[in-house]
Each structure stands twice: as C-alpha cells, then as structure tokens.
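Below are the chains, spelled out letter by letter.
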Amino acid sequence: MGRRHYVVTGASSGIGLAIVHRMLAEGADVTAVSRRPAVVPESVLAENSDRLRTAVCDLCDFRELDRCMKALTSGNAILDGVVLCHGYGDFGSLEEFSAERIERLVDTNLVSHMLIVRHVIPILKRLGRGDLVFMGSETGIRGRKMGAVYSATKFAINGFAESLRAECAAGNLRVSVINPGMVYTPFFDDLDFRPADCRDNFIEPEDVARIVSTILGMPHGTVIDKVNLTPQKRVVRKKEDDAERTGSGN
C-alpha cells in the first residue's frame, strides 16, 4: 500500500479498526475517524505513531461532521481514498419504529456517507486519483424480515455507489462496495441476537480488511465494483437463549 493516505470511518472497533490495523501494517498513512477514540494497541502505536492520526467525531451530528471534514480536507490536503465503515444496526417490524428512530438510522447509515463523500470528491478529482470504499451489507442485496429500515439504508448505499462510479470514472476515482454477511464485532452488542458460535456462521473483521486491501491494491484502471462476502452458514442465536442456558447452570 505504501505511503498513501486513507481516511477510515467507524474506526473505533470492529471492521473499521481491523482495516486501520491492516493499512498501518502495509505502510499506509491513516486518519481514523470515530465517535469514540480508536483502541489501537500500544505496540501498533509505537511502530506507527508518525502514520496514524485520529479524529473523534459523531458523524450523525452533521454540524460536527462538517467541521471534522473541513479540518481533514483544508488547504492542499493529500488523500488517496476513504473507507466508510461507520453505522449501526437497528431491527424490528416497521410499525415499531418512530419517525425519530427511522431518521437517526437513515442519517447515520446513509446521509452521513453522502456528506463525507461530498467533501472528499473535490480533492480526489484535483489529484486525479482515489478510492471510495463503502461498507454495505448482505441485507443490501436481499431484504430480510425485521430489517426493513436497516436494509433500505444498505440498498441505498449500493445504489449511491453505483451512481458515483459512473459519475466519477472520468476523474479516475474508483468506487467499490463490500457487502458482508454477519461479522462478529461489537455491532451485536446492543442487539438481541448474534451469530452462532461455530466459525462458519460468521465472518471475522480481518476477513473484510483483507478484501479492502485487495481492492486498494488493484492496478490503476481496474475496479472491483462489488464484493459479496458471506459466512458458509447463517445460524443466528437469540441472546435470550444464552441467558436461559446461563441461568440453568446456576
């Protein structure tokens, strides 16, 4: 990857943090943007202190997002691309969602992505190169029960990326989407389900980071438009079942 500079959003944990680690290991400069400070091991920081910058920003707060992106793109900023990993899951039947709950999910998982890209596209076009990598979802290809709003945001990410790809090709900007199935990360911490324990029911964050590295490492002029990445099986476990098993053992 060399001394290229990438911005990674959602970098405090999970997929985003795994991507930051891999980029640093491959020699890139990284600006990690997240709502909470990224948890980077001291050993990694010691080896890469001159190549890692962090920015704490709530990307759902559009005023804060605007200030953060202006700071990152001011002057003669050099940027080779952005990997957008931020977002969260919220599931349930549509009638359970208030207007505010829908708005927050759509703002975080879709609108903030559009606003970030609006800031960085002029820089990438000026430099005549660049990559935009979006983290979609398996549910952005195939809608699932109890996921109408979340799935809608991920379908929209795929459509947004397709349009951007056509719009930006003349400026040598490459646009890619990764649509992973269940990735075992803190994404599930606030949900009532998680992947079953067997390894073939989930993807590791490092698996996704490896795909990002492949996308960014493709020769100039070649674009990996879309990668659909799924676990071999898709067994889901309700957390209430875990609680019942734990209780029965006391």
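Here the structure is a predicted model, which means the values were calculated and not measured.

Colleague: How do you make sense of the pairing of strand β6 (residues 173-180) when you look at a structure like this?
Modeller: Counting buried positions along β6 gives eight out of eight residues, so the element sits mostly inside the fold. Where burial is concerned, the two faces of β6 agree: the one with L173, V175, V177 and N179 and the one with R174, S176, I178 and P180 are both buried. Sheet topology note: the strand β5 (residues 130-135)/β6 ladder contains six bridges and is parallel. Its bridge partner lying in β6, G130 is registered against L173. Where β6 lies against strand β8 (residues 226-229), four bridges are found, and the strand directions are parallel. Across the sheet, residue N179 finds its bridge partner in β8, namely N228.

Colleague: Explanation requested: the packing of aromatic side chains in the structure shown.
Modeller: To describe a pair of aromatic rings, one takes the distance between the centres and the angle between the planes. Scanning the entire structure with this criterion turns up eight aromatic pairs. Judged by centre distance (5.5 Å) and plane angle (75°), the ring pair of F91 and F193 falls under edge-to-face. Here F91 is found in the loop between β4 (81-84) and α4 (99-127), whereas its partner F193 is found in strand β7 (residues 193-195), with 102 residues between them in sequence. Assessed through its relative accessible area of 23%, F91 is described here as partly exposed.

Colleague: Looking at this model, I keep getting lost on the nonpolar core. Mind explaining?
Modeller: Across soluble globular proteins, you tend to see nonpolar side chains buried next to one another. Core analysis: the largest hydrophobic core is formed by 29 residues, its most contacted members being V82, V117, L132, F134 and L164. Secondary structure elements with two or more residues in this core: α3 (62-73), β4, α4, β5, α5 (148-168) and β6. Considering each element in turn, this core owes the most residues, seven residues, to α4. Listed in part, the 27 residues of the second largest apolar core include A11, V30, A32 and V212.

Colleague: I'm lost on the pattern of salt bridges in this one. Help?
Modeller: Close approach of charged atoms allows side chains of opposite charge to pair. One pass over the full model with this rule turns up 16 salt bridges. Its salt-bridge partner being D29, residue R3 comes within 2.9 Å of it at the nearest N-O pair. Of this pair, R3 sits in the segment before β1 (5-9) while D29 sits in strand β2 (residues 29-34), and the two are 26 residues apart along the sequence. Here D66 makes a salt bridge to K70, at a shortest N to O gap of 3.1 Å. Residue D66 and its partner K70 are both found in helix α3; the two are separated by four residues, about one turn of the helix. Classification of D66 as partly exposed rests on a relative accessible area of 21%.

Colleague: I would appreciate a short explanation of the sheet that holds β6 in the present structure.
Modeller: Each strand in a sheet pairs with its neighbour through backbone hydrogen bonds, running either in the same direction (parallel) or in the opposite one (antiparallel). Read across the open sheet, the seven strands follow the order β3-β2-β1-β4-β5-β6-β8; overall the sheet is parallel. Because the sheet does not close on itself, it has two edges, and the strands there are β3 (52-56) and β8. Averaged over all neighbouring strand pairs, the angle between strand axes comes to 15°, with direction disregarded. Direction of pairing for β4 relative to β5: parallel, over a ladder of four bridges. When the sheet's bridge partners are listed, V82 is paired in β5 with L132. Helix α1 (residues 14-25) contacts β1, β2, β3, β4 and β5 of the sheet and is inclined by roughly 165° relative to β1. Seen against the sheet, α5 touches β5, β6 and β8 and runs at an angle of roughly 160° to β6.

Conventions and cut-offs
Residues numbered from 1 in each chain as written. Predicted model: local features only at pLDDT ≥ 70, side-chain atom pairs only at ≥ 80, totals over all residues. Heavy atoms only, no water. Buried < 20%, exposed > 50% of the residue type's maximum accessible area, 1.4 Å probe, protein only. Helix = DSSP H or I, 4+ residues; strand = E, 2+ residues; numbered from the N terminus. Pairing = 2+ DSSP bridges. Phe/Tyr/Trp six-rings, centres within 6.5 Å; stacked < 30°, edge-to-face > 60°. Core = buried A, V, L, I, M, F, W, Y, C linked by side-chain atoms within 4.5 Å. Salt bridge = Lys/Arg side-chain N within 4 Å of Asp/Glu carboxyl O. Axes fitted to C-alpha atoms, helices over the stretch in contact; angles between N-to-C directions. Contact = heavy atoms within 4.5 Å.

That is the geometry; function is a separate question.
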